[in-house]
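# Architecture and fold: a report
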Amino acid sequence: MLLAHLSDAHIGPLPAPRLRELLGKRVTGWVNWRRGRRLAHDMDALAAVCADIDAHAPDHVAFTGDVVNIGLPAEFPAARAFLERLGPPERVSFTPGNHDVYVRSSLRPLFDSLAPWMTGDDGVAPAPGRGFPYVRRRSAVALVGLCSGAPTMPFLASGRLGRAQIAATRRLLAQLREEGLTRVIMIHHPPHPGGARPGRGLTDAAAFARMIAGVGAELVLHGHNHVASLARLPGPDGPVPVLGAPSASARPGSGGPRAGYHLIRIAPAGGGRPRITVETRGFGPQDEGVTTLARLTPAE
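Definitions and cut-offs
Residues numbered from 1 in each chain as written. Predicted model: local features only at pLDDT ≥ 70, side-chain atom pairs only at ≥ 80, totals over all residues. Heavy atoms only, no water. UniProt positions renumbered as here; feature names shortened; annotations may be inferred. Helix = DSSP H or I, 4+ residues; strand = E, 2+ residues; numbered from the N terminus. Buried < 20%, exposed > 50% of the residue type's maximum accessible area, 1.4 Å probe, protein only. Contact = heavy atoms within 4.5 Å. Areas by Shrake-Rupley, 256 points an atom, 1.4 Å probe, with all protein chains shown as cover. Expected span 1.5 Å × (residues − 1). Arc of directions from axis to C-beta. Polar contact = N/O pair within 3.5 Å; in protein donor to acceptor, adjacent residues only side chain to side chain. Pairing = 2+ DSSP bridges. Phe/Tyr/Trp six-rings, centres within 6.5 Å; stacked < 30°, edge-to-face > 60°. Lys NZ or Arg CZ within 6 Å of the ring centre and 35° of its normal. Axes fitted to C-alpha atoms, helices over the stretch in contact; angles between N-to-C directions. Parallel < 35°, antiparallel > 145°, perpendicular 65-115°, else oblique. Left-handed = near helix turned anticlockwise from the far one by under 90°. Nonpolar A, V, L, I, M, F, W, Y, C, P; charged D, E, K, R; others polar.

As recorded in an unreviewed UniProt entry, the protein chain goes by the name Metallophosphoesterase family protein, listed as coming from Camelimonas abortus. UniProt, in its Sequence similarities (unreviewed entry) section for the protein chain, records the words "Belongs to the cyclic nucleotide phosphodiesterase class-III family."

This part is about the overall build of the protein chain. Of the regular secondary structure elements, the protein chain holds six helices and twelve strands. In terms of principal-axis extent, the alpha carbons of the protein chain reach across some 55 × 45 × 35 Å. When burial is assessed residue by residue, the protein chain has 57% of its 300 residues classed as buried. Put simply, of all contacts in the protein chain between residues at least 6 apart along the chain, 66% involve residues at least 24 apart. Surface exposure of the protein chain reaches about 12,300 Å², of which carbon and sulfur atoms provide 54%.

Here we take up helix α2 (residues 43–56). Its 14 residues give α2 an end-to-end C-alpha distance of 20 Å, which sits within 8% of 20 Å, the value for a rise of 1.5 Å per residue. Burial in α2 covers these residues: Ala45, Leu46, Val49, Cys50, Asp52 and Ile53. Down the axis of α2, the buried set is contained in an arc of 155°. They therefore lie on one face. Summarising the geometry of α2, the exposed residues directed more than 90 degrees from the buried face are Asp44 and Ala55. The elements touched by buried residues of α2 are β1 (2–6), β2 (60–63), α3 (76–86), β10 (260–267), β11 (275–283) and β12 (290–296). For α2, the N-terminal cap is Asp42; the gap from its side-chain oxygen to the backbone nitrogen of Asp44 is 2.8 Å.

Of all eight residues making up β10, six are buried, and the element is well covered by its neighbours. Judged from the four bridges that link them, β1 and β10 form a sheet pairing that is antiparallel. Within β10, the position partnered with Ala4 by the bridge is Leu263. Bridging between β10 and β11 involves eight bridges; their strand directions are antiparallel. When the bridges of β11 are listed, His262 appears paired with Thr280.

Attention now moves to the packing of aromatic side chains. Here the structure, examined in full by the defined rule, presents four aromatic pairs. Aromatic side chains Phe63 and Phe82 sit 6.0 Å apart centroid to centroid with 80° between the ring planes, which places their arrangement in the edge-to-face category. Remark: Phe82 occurs in helix α3 and Phe63 occurs in strand β2; sequence separation between them is 19 residues. On the accessibility criterion, Phe82 (9% relative accessible area) is buried. Ring geometry for Phe132 versus Tyr134: centroids 6.0 Å apart, planes at 55°, classification tilted. Judged on exposure class, the residue Phe132 and its partner Tyr134 are both buried. Grouped by ring-pair contacts, the aromatic residues Phe63, Phe82 and Phe94 constitute a single cluster. The ring of Tyr102 has Lys25 sitting right over it, with the charged end atom 4.6 Å from the ring centre.

This part takes up the packing of helix α5 (residues 163–178) against helix α6 (residues 205–215). Here α5 crosses α6 at 20°, and the two axes come no closer than 10 Å. Classed by the angle they form, the pair α5 and α6 counts as roughly parallel. Our pair here, α5 against α6, has a crossing hand that is right-handed. Taking contact as the criterion, the partners of Ile166, Thr169, Arg170, Leu173, Ala174 and Arg177 in α5 are, on α6, Ala207, Phe208, Arg210, Met211, Ile212 and Val215. A class-by-class count of the residues in the contact of α5 with α6 yields eight nonpolar, one polar and three charged.

Now for the sheet that holds strand β3 (residues 92–94). On the basis of which strands lie adjacent, the open sheet formed by six strands has the order β3-β2-β1-β10-β11-β12 and mixed pairing. Looking at strand neighbours, the two that pair on one side only are β3 and β12, the edges of this open sheet. Sheet twist, expressed as the mean angle between neighbouring strand axes with direction ignored, is 25°. Taken together, the three bridges between β2 and β3 define a ladder with parallel strand orientation. Residue pairing for β3: Ala62 is matched across the bridge by Ser93. Together, β1, β2, β10, β11 and β12 form the strand contacts of α2, whose direction differs from that of β10 by roughly 20°.

The next thing to look at is the UniProt feature "domain: Calcineurin-like phosphoesterase" (unreviewed entry) in the protein chain. Under the UniProt annotation, "domain: Calcineurin-like phosphoesterase" (unreviewed entry) lies at residues 2–227. Each end of residues 2–227 is marked by a C-alpha atom, and these two atoms are 21 Å apart; helix forms 34% of the span and strand 14%.

Printed below as a string of structure tokens:
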């Protein structure tokens, strides 16, 4: 399988909010957008990343969250159009980030608009409080979508899975292992302890790590930090790679991380651990367009 992994598109421009929609946390997000975030994300760069994905014709696309900015209802039609541009729901899998569930009132438009890209093989559409983890079996690969996005207080960007989701994920991963499938977990927040700064991390990362130590996985994909990264968690069959994607829309030439994504090749290995290779593609320092930035074999 050839899998494209992108994250943190932060679709813009931000539509003008109603005054009542800026009550609570959204007002800080709106100010942050106006003061700088809107300059950090470039829709032309995002279009170039998507065109590069198209040129490589992946079998599936994994999008690990933050398609919008402050969870306004008016943001989700553009978010749905973007997912449609990436591909149909059977070929694109999405899991929410903290910006997608910015406040509680974001949940209903999120699920109303994007549920088809978060619906597993059982056909049960997700809704607030249910639907995760979901699983999609594609050939010898099982894509497992988790939801770490949760409404938080102002100035926090942390995530949480909760005991019920972790327990359900444990059972699902054990079942998929029995089926002999390559298990690829999708989550927005870095799920390893210390994976993000205080106030931005997964609050139950330690519990997630204990779960992986017991049942394992072959690969974990996340976003949130806007940089390409590789960490590892202990698993029963050896280290489990934890791969972070850059923002797919980070403005080239801004002096910070630049837009990019991962191309992941998963090849069976005759009953053993599959061979997984990763090519990171994006904008380099010369702004020469989307090109290969790095290659690695994360399990080695």
